[in-house]
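Take a look at the letters that make up each chain.
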Amino acid sequence: MRMIDVADITQNIKEMCIEANHFLTEDMDHVLKRATEEERAPLGRQILCQLQENLKIAGEDMIPICQDTGMAVIFMEVGQDVHFEGGLLEEAVNEGVRQGYTEGYLRKSVVDDPILRKNTGDNTPAVIHYEMVSGDQVRITVAPKGFGSENMSRVFMLKPADGIEGVKKAILTAVKDAGPNACPPMVVGVGIGGTFEKCALMAKKALTRPVDQRSEIPYVRELEEEMLAQINRTGIGPGGLGGTTTALAVNVNTYPTHIAGLPVAVNICCHVNRHAVRVL
Amino acid sequence: MERHIQAPVSRGEISGLKAGDYVYITGTIYTARDAAHKRMQETLNAGDPLPLKMQDNIIYYMGPSPAREGRPIGSAGPTTASRMDKYAPALLDLGLIGMIGKGKRSESVKQAIVRNGAVYFAAVGGAGALLSRSIRKSEVIAYEDLGTEAIRRLEVENFPVIVVIDPEGNDLYETAGAEYCDLG
Ligand code: SF4
């Protein structure tokens, strides 16, 4: 049994909220750079150059990459030999978000009720997903999610007979509908299988996988590569203003499902695909 | 084509803008997004005056992140314009000349743009740090209680935008992709 003080959780989450909103992970930097070299449209290239310049300014001047600093989505993978002390874990996580967003000059974009819509003033609560794993460590992923792209995300309850072709069609439909609204070039997270909510959660988690890391399942890997190529043939392009770079990656996760179903979720993320990861 | 305009701007000066033109805006523009538009609509419904005049002005659909000490504003990129589609035609009919945002507009907004000889610009989404460098001054002028969604007066210098829907109703989002579309 390992003791972890929840104050450590708060401190780390605070730092990770700030870090994720000012710096993208290295794989995102690389893929954006490569896309800039390969983009065929002159205006598209110009926009991709501006996005790189934007990242540079964000890091140097400590100004958020995007003004929509998102709703904080947090994955907590908790080793089952860990015991938390010093308070409630959930409160510690939200306290970290509160401190990160207020002290880090991040935008407060959360309202207390979907209909009454009063801003909570500190970007809490976070959306927290817990997972029990083996061991005595805690792996925390903080993924602030902007809503320009979140609003364009979809769940499709396909039938088994729709098969892989149905999945491809669903992904392409979501991407085309998203178009310029989702701040392309996008990163596309896909969840296939499970249940209604499971596929959505898989799609979200797929966005936190490095964009240069393909699935280990051969047919899924092929699907990821084929869909990326197809999406980049839609012509949508950077900023939706035409070009050959519409997506930077398609990350697909799968899970067993029911004999009667084929759930597919497509979680669209913009080029500001943010996440910070730490293991305590 | 590259163009420079001084805001507020007259209809005559923007009448020549074409979808695809790259435009640098200098002068005064205003921010408003979802909650501010809702409140402006309620104000109009009640027959009360709006907190800013629409005539010849440009509205930027944007809610900034907080400014650090010594800076005029935080990150300041565009938000998705379609959420303002419900409100935009009434404002265009009151004289609003330009909107800056990102993403597609509805048919009724397009019609209001053509009817009034107005223009819809896109700024690059997700480039809020870069765009903030073109903003010299920012001041909340109404609805302060809305926080990031308050109405702000911005002084901008060479603020970079692209004409998406021009006064004739040409829509760059509908045409720009065709050349690079290869889906058979
Ligand atoms: S979709 Fe992404 S890049 Fe675009 S405004 Fe939202 S968070 Fe920023």
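Higher on the page you've got the structure.
Heads up: these notes are all about the structure in this document.

Thresholds applied
- Each chain has its residues counted from 1, running along the sequence as written.
- Chain A is the first chain written and ligand 1 is the first ligand written, with later ones labelled in order.
- Reporting of local features is limited, given that this is a predicted model, to residues whose pLDDT is at least 70; pairs of side-chain atoms are given and counted only at 80 or more, and all residues count toward the totals for whole chains, interfaces and linings.
- Water and hydrogen atoms play no part in the side-chain values, which are based on all heavy atoms of the structure.
- Here a residue is near a molecule or strand as soon as one of its heavy atoms is found within 4 Å of it.
- Definitions used for this entry: grid spacing 1 Å over protein atoms alone; cavity, a set of points where a 1.4 Å probe fits but cannot get out; pocket, an open set with protein on both sides within 12 Å along at least 5 of 7 lines; lining residue, one with an atom within 4 Å of a point.
- Throughout, a molecule is located in a cavity or pocket provided that more than half of its atoms lie within 2 Å of its grid points.
- Note on residue categories: nonpolar means Ala, Val, Leu, Ile, Met, Phe, Trp, Tyr, Cys or Pro, charged means Asp, Glu, Lys or Arg, and polar means any other residue, Gly included.
- Throughout, the edges of the domains are those of an automatic or database domain assignment.
- Two aromatic rings, drawn from Phe, Tyr or Trp (for Trp, its six-membered ring), form a pair once their centres lie within 6.5 Å of each other, and the interplanar angle then sorts them: stacked below 30 degrees, edge-to-face above 60, tilted otherwise.
- Relative accessibility thresholds used throughout: buried, under 20% of the residue-type maximum; exposed, over 50%; partly exposed, between the two (1.4 Å probe, protein chains only).
- Working definition: helices are DSSP H or I runs of at least four residues, strands are E runs of at least two. Numbering for both runs from the N terminus.
- Distance and angle both matter: a charge sits over a ring if NZ of Lys or CZ of Arg is within 6 Å of the ring centre and within 35 degrees of the ring normal.
- Axes, fitted as lines to C-alpha atoms, cover a helix only where it is in contact. Angles between the N-to-C directions of the axes lie from 0 to 180 degrees.
- In this scheme the crossing of two helices becomes right-handed for a clockwise turn of the near helix relative to the far one and left-handed for an anticlockwise turn of less than a right angle.
- Two residues qualify as a contact provided that any one of their heavy atoms is within 4.5 Å of a heavy atom in the partner residue.
- The term salt bridge refers to a pairing of a side-chain nitrogen on Lys or Arg with a carboxyl oxygen on Asp or Glu at a separation within 4 Å.

### Let's talk about the site of the ligand
Then step 1. As a structural note, the neighbourhood of the ligand is formed by A:Cys66, A:Gln67, A:Asp68, A:Gly146, A:Gly148, A:Ser149, A:Cys183, A:Cys270, A:Val272, A:Arg274, B:Lys102 and B:Gly126.
Then step 2. Lying at an intersection of chains, the ligand is approached by residues of chains A and B.
Then step 3. When each cavity is represented as a set of grid points, the ligand is found to reside in the largest pocket.
Then step 4. Broken down by class, the residue content of the shell around the ligand amounts to four nonpolar, five polar and three charged.
Then step 5. Residues lining the shell around the ligand come from more than one domain, with at least three contributed by each of domain 1 (2-20 + 65-145) and domain 2 (148-274) of chain A.

### A closer look at the packing of aromatic side chains
In this description, an aromatic ring pair is defined by two values, namely the gap between the centres and the angle between the planes.
Then step 1. In this structure the tally under the stated criterion is two aromatic pairs over all chains.
Then step 2. When the ring of B:Tyr22 is compared with that of B:Tyr24, the centres are 5.5 Å apart and the planes differ by 50°; the resulting orientation is tilted.
Then step 3. A relative accessible area of 10% means that B:Tyr22 is categorised as buried.
Then step 4. B:Tyr24 gets classed as buried once you look at its relative accessible area, which sits at 19%.
Then step 5. Ring centres of B:Tyr60 and B:Phe159 lie 5.2 Å apart, and the angle between their planes is 65°; on these two criteria the pair is classed as edge-to-face. Residue B:Tyr60 is located in strand 3 (residues 58-60), and its partner B:Phe159 is located in strand 7 (residues 151-165); the two are separated by 99 residues in the primary sequence. Summarising the burial analysis for this pair, B:Tyr60 and B:Phe159 share the class buried.
Then step 6. Positioned above the aromatic ring of A:Tyr255 is the side chain of A:Lys198, whose terminal nitrogen or guanidinium carbon lies 4.4 Å from the ring centre.
Then step 7. B:Arg105 extends its terminal NZ or CZ atom over the ring of B:Tyr120, reaching a point 4.8 Å from the ring centre.

### Some words on the packing of helix 6 (residues 163-178) of chain A against helix 8 (residues 218-231) of chain A
Residue and element names in this part refer to chain A.
Then step 1. Closest axis-to-axis distance for the helix 6/helix 8 pair is 11 Å, and the angle between their directions is 40°. Crossing of helix 6 over helix 8 shows right-handed handedness. Along its contact with helix 6, which presents Ile-164, Val-167, Lys-168, Ile-171, Leu-172 and Val-175, the element helix 8 presents Tyr-219, Leu-223, Glu-226, Met-227, Gln-230 and Ile-231.

### Description of the pattern of salt bridges
Once their charged atoms are close, side chains differing in charge can pair, the charge on each being opposite to the other.
Then step 1. Applying the stated rule across the entire model yields 31 salt bridges over all chains.
Then step 2. When the shortest N-O distance is used, the salt bridge between A:Arg278 and A:Glu19 registers 3.2 Å. With A:Arg278 in strand 10 (residues 276-279) and A:Glu19 in helix 1 (residues 6-22), this residue pair connects regions lying 259 residues apart in the sequence.
Then step 3. A residue is classified by how much of its surface remains accessible, and A:Arg278, at 21% relative accessible area, is partly exposed.
Then step 4. What makes A:Glu19 partly exposed here is its relative accessible area of 33%.
Then step 5. For B:Glu174, the salt bridge goes to B:Lys110, with nearest N and O atoms at 2.7 Å. Residue B:Glu174 is found in helix 6 (residues 172-175), and its partner B:Lys110 is found in helix 4 (residues 107-116); the two are separated by 64 residues along the sequence.
Then step 6. B:Lys110 sits in the buried class, given a relative accessible area of 9%.

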